[in-house]
Amino acid sequence: MDINWYPGHMAKAKRLLADQLGRVDVVIELCDARLPHASRNPDLDKLISGKKRVLLLNKADLADPQATSAWLNEFRKQGLDAVSYNANAGKAKDAMTVIERAARETVERAAQSNPVTGLPNLKGAVEWFEHFAANEQNHYQPLSVSVYALPKYTYIMENYGVEAVHEAQRVTAEALRMANPVRCFIAHITEDTFAVIH
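Reading the values: the criteria
Residues numbered from 1 in each chain as written. Predicted model: local features only at pLDDT ≥ 70, side-chain atom pairs only at ≥ 80, totals over all residues. Heavy atoms only, no water. Helix = DSSP H or I, 4+ residues; strand = E, 2+ residues; numbered from the N terminus. Rg over C-alpha atoms; globule rule 2.2 N^0.38 Å. Buried < 20%, exposed > 50% of the residue type's maximum accessible area, 1.4 Å probe, protein only. 1 Å grid on protein atoms, 1.4 Å probe; cavity = no way out; pocket = protein on both sides within 12 Å on 5 of 7 lines; lining within 4 Å. Points joined across faces, edges and corners; volume = space filled by probe spheres on them. Nonpolar A, V, L, I, M, F, W, Y, C, P; charged D, E, K, R; others polar. Salt bridge = Lys/Arg side-chain N within 4 Å of Asp/Glu carboxyl O. Pairing = 2+ DSSP bridges. Polar contact = N/O pair within 3.5 Å; in protein donor to acceptor, adjacent residues only side chain to side chain. Axes fitted to C-alpha atoms, helices over the stretch in contact; angles between N-to-C directions. Contact = heavy atoms within 4.5 Å. Phe/Tyr/Trp six-rings, centres within 6.5 Å; stacked < 30°, edge-to-face > 60°.

(A) Local environment of the overall build of the protein chain. A count of helical and extended segments in the protein chain gives seven helices and six strands. Taken from N to C terminus, the helices and strands of the protein chain fall in the order α-β-α-β-α-β-α-α-β-α-α-β-β. Against the 2.2 N^0.38 benchmark of 16 Å for 198 residues, the protein chain shows a C-alpha radius of gyration of 23 Å, more extended than a compact globule. Taking the principal axes of its C-alpha atoms as reference, the protein chain extends roughly 60 × 55 × 35 Å. In the protein chain, which comprises 198 residues, the proportion classed as buried is 31%.

See the structure below:
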């Protein structure tokens, strides 16, 4: 007789989470401060890799404060933003501070890249140039900028729609990545324009 130790509602929740992650900037993981390691789902590491994560150790008022502090230090060593929390106390200030900081970092990073191609946008290109120019060793280094326009952008948009434009943008970005050396800076500066800085 086969026994399934993974209930159906857990599998369903995992599928729903995977479907929704594309719209998520910061993942808030809640675990029990009394047994933080055992109350975490190991599948989350694979599911949310690449996403900013905040770990809340809930019920901290019921846990040993020294043990909670040791767990927080351990999670922080692993690169997680971790904070102790007590949902019943209604004091979410520390948790909200950590969550807001994590969200701000993610939003700032997203504001400098094109969501379709993943390349830096105009803002990201300006920041790259400011960083490049701030280094005195670069002052005498020549730069060349090549600008590439996506041909028939308006025609594609009007006749085939947004998805076709996004596909054309992704293909163009990939072609530029493959055609240029790693040391080049490539940016997607407007909807139909790319720049390569050598």
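(B) Focus on the layout of surface pockets. Approximately 160 Å³ is the volume found for the largest pocket. Residues of the lining of the largest pocket, tallied by class, amount to eight nonpolar, two polar and one charged.

(C) Spatial organisation of the pattern of salt bridges. Following the criterion strictly, the structure yields eight salt bridges and no others. One salt bridge in this structure joins Glu29 and Arg53, with 2.7 Å as the shortest N-O distance. Taken together, the positions of Glu29 in strand β1 (residues 26-32) and Arg53 in strand β2 (residues 52-58) put the pair 24 residues apart, joining distant regions of the chain. Arg53 carries the same exposure label as Glu29, and that label is buried.

(D) Expanded view of the pairing of strand β4 (residues 145-149). Of all five residues in β4, zero are buried, a share of ten percent or less. Here β4 runs beside strand β6 (residues 193-197); their pairing, made up of five bridges, is antiparallel. Each bridged residue has a counterpart across the sheet, and for Tyr148 the counterpart in β6 is Phe194.

(E) Representation of the side chain of Arg40. Tracing the chain through its elements places Arg40 in the loop between β1 and α2 (43-47). The class for Arg40 is buried, based on a relative accessible area of 17%. Within polar-contact distance, the side chain of Arg40 engages the side chain of Glu29 at 2.8 Å.

(F) View of the sheet that holds β1. Taken together, three strands build an open sheet; the order of strands is β1-β2-β3 and the sheet is parallel. Every other strand in the sheet has two partners, leaving β1 and β3 (81-84) as the edge strands with one partner each. Direction aside, neighbouring strands of the sheet carry axes that sit 20° apart on average. Judged from the seven bridges that link them, β1 and β2 form a sheet pairing that is parallel. Residue Val26 lies in a different strand from β2, and its bridge partner there is Lys52. The sheet strands contacting helix α3 (residues 65-77) are β2 and β3, and the helix crosses β3 at an angle near 170°. Lying over the sheet, helix α4 (residues 93-110) contacts β1, β2 and β3, oriented at roughly 170° with respect to β2.

(G) Structural view of the environment of Leu21. With respect to the helices and strands, Leu21 occurs in the loop between α1 (8-20) and β1. With 176 residues separating them along the chain, Leu21 and Ile197 place their C-alpha atoms 33 Å apart. Ignoring anything within four residues of it in the chain, the contact list for Leu21 reads Val27, Leu47, Ile48 and Lys51.

(H) Examining the environment of Tyr85 more closely. Topologically, Tyr85 is positioned in the loop between β3 and α4. The exposure class of Tyr85 is buried, given its relative accessible area of 18%. Considered as a pair, Tyr85 and Leu55 are 30 residues apart in the sequence and their alpha carbons are 9.8 Å apart.

(I) Representation of the packing of aromatic side chains within the structure. One pass over the full model with this rule turns up four aromatic pairs. With a centroid separation of 4.7 Å and an interplanar angle of 15°, the aromatic rings of Trp128 and Phe185 are classed as stacked. Residue Trp128 is located in helix α5 (residues 122-134), and its partner Phe185 is located in strand β5 (residues 185-190); the two are separated by 57 residues in the primary sequence. Relative to Tyr160, the ring of Tyr155 has its centre 6.2 Å away and its plane inclined at 70°; by these criteria the two rings are edge-to-face. Note on Tyr155: relative accessible area 45%, which makes it partly exposed. Classification of Tyr160 as exposed rests on a relative accessible area of 57%. By way of ring pairs, the aromatic residues Trp128, Phe132 and Phe185 are connected into one cluster.

Coordinates in, geometry out; function isn't part of it.
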